[in-house]
Protein chains: 2
Amino acid sequence: MSTVDQRRVGRPSRPVLDRRRIGAAALKLVDDTGGFTLPELARRLGVQTPSLYHHVDGRAGVVELLREHMGRDIDISHLERRPWDVALRGFFRSYRAVFAAHPQAVPLLATSAVRSPEVLAAYEKMLVLLGEVGVPRGEAMAILTACENFVIGSALDFAAPDVMWELPDDVDAPHLASALADQTSPEHRADNAFEFGLSTLLASIADRSS
Amino acid sequence: MSTVDQRRVGRPSRPVLDRRRIGAAALKLVDDTGGFTLPELARRLGVQTPSLYHHVDGRAGVVELLREHMGRDIDISHLERRPWDVALRGFFRSYRAVFAAHPQAVPLLATSAVRSPEVLAAYEKMLVLLGEVGVPRGEAMAILTACENFVIGSALDFAAPDVMWELPDDVDAPHLASALADQTSPEHRADNAFEFGLSTLLASIADRSS
């Protein structure tokens, strides 16, 4: 057996570095620590930092892998459904659920430009829907962004505790106390807020359509 | 001069550890790295980790200091204004601006319970307003939460690039391309989306009032 073969036998097999594996490791790192650096990510993958650059375009490239990775869990088949409001409601519910599972990744995705072809394809489908409804083309991005902002904030809220407001004895807040006490189904407080806001925004889309 | 005095003279003066100083250091740490650990925070403050526990109730206590620290920058005087929609609009605009300056802190605040008396006081004022409008008490928290989810998502979007969708040449997305090209004042895309969604949600509050 040659020296090369011996080394190969002795070394634990390591999966080939590819974009999917980098994305999974980056998401785990962000879930664990709230952020990432390329050297930290390389260390977790057991490679040198420069190796990462063969697969991703620096820091922004890793954020885009996070987006693709999470995007694969969102059920975009909803966007093929009709009528349009059923399509958007189903899609945004799935979007919220996936983002809620990775709250620390949310600010990274929300504050960097979308470049992934798969994710851009989902935006294209949403804009087809808004076009079918008759939303004025100049307003479409603002309307879509407003919906998305709401979904993203709602995802974070879904990841929050059921009891989100804790009133110490020495705080005098009678209106807050009674609003909390009188909540309809407090065990679904995040769902209730999400469904209320989503219905409101979808109704406004219908209002703006021609 | 005694040995003690000499040591005091030679040692650089260090500000006393207090909640405000801990909050400022924690926010800086989160802004820089996306998250925090108590040992890291102690190191930045030049103290041992157990010293932090004299001032804060562990990790959740530090998140609450972040909330107080950012809360001091939000102009809650808007909530004293009337009519109610002017009050809420001004408050939510200020809220968005402050949160947009610290996007990495957003998931930490949004996913942990509110306990700070100053912040609870702002919720109390919002609920007074909703009560004045006649929003049914059982729906008030859901409505307020929906507005807040939207504001939080909009804060992240405000911290995002002006060009948020980049279409590579090989991506075929004609509806997205024309919606982007036809945006009204694209240089204010985040503001446009925020104002659209905020107006929509405030109008729905008016609709639900008795």
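Refer to the structure above for everything that follows.
The residue numbering used here restarts from 1 in each chain and proceeds along that chain's sequence as written. Think of it this way: whatever chain is written first is A, whatever ligand is written first is 1, and the rest follow in order. Under the rules for a predicted model, residues below a pLDDT of 70 receive no local features and side-chain atom pairs below 80 are neither given nor counted, while totals for whole chains, interfaces and linings still include all residues. The side-chain quantities take in all heavy atoms of the structure and omit both hydrogens and water.

### Overview of the layout of surface pockets
Quantified by volume, the largest pocket comes out at close to 440 Å³. A 1.4 Å probe that fits into a set of points on a 1 Å grid over the protein atoms alone but cannot get out defines a cavity; an open set with protein on both sides within 12 Å along at least five of seven lines defines a pocket, and lining residues are those with an atom within 4 Å of a point. The wall of the largest pocket is formed by 26 residues, among which B:R67, B:Y95, B:V119, B:Y123 and B:E148 lie closest to the centre. Strands are runs of DSSP state E lasting at least two residues, helices are runs of H or I lasting at least four, and both sets are numbered from the N terminus onward. Those elements that place two or more of their residues in the lining of the largest pocket are α9 (137-158) of chain A together with α5 (58-71), α6 (84-100), α7 (106-110), α8 (117-133) and α9 (137-158) of chain B. Among the elements that take part in the lining of the largest pocket, α8(B) stands out by supplying 5 residues, more than any other. Grid points are joined across faces, edges and corners, and a volume is the space filled by probe spheres set on the points. Volume-wise, the second largest pocket comes out at about 340 Å³. Surrounding the second largest pocket, 21 residues form its lining, A:T33, A:G35, B:T33, B:G34 and B:G35 being those nearest its centre. Secondary-structure elements contributing two or more residues to the lining of the second largest pocket are α2 (19-33) of chain A together with α2 (19-33) of chain B.

### Details of the pattern of salt bridges
Residue and element names in this part refer to chain A. Note on definitions: salt bridges are taken to be side-chain nitrogens of Lys or Arg within 4 Å of carboxyl oxygens of Asp or Glu. Inspection of the entire model under this criterion finds 26 salt bridges over all chains. A salt bridge links K28 to D32, with the shortest nitrogen-to-oxygen separation between them at 3.0 Å. Separated by 4 residues within a single helix, K28 and D32 lie in helix α2, roughly one turn from each other. Exposure classes here rest on a 1.4 Å probe applied to the protein chains alone. A residue is buried below 20% of its type maximum, exposed above 50%, and partly exposed in between. The class for D32 is partly exposed, based on a relative accessible area of 43%. D32 is the partner of R44 in a salt bridge, and the nearest nitrogen-oxygen pair spans 3.0 Å. Taken together, the residues span a long stretch of sequence, with R44 in helix α3 (residues 38-45) and D32 in helix α2 at a distance of 12 residues. Look at the salt bridges and you will find they share partners, linking K28, D32 and R44 into a network.

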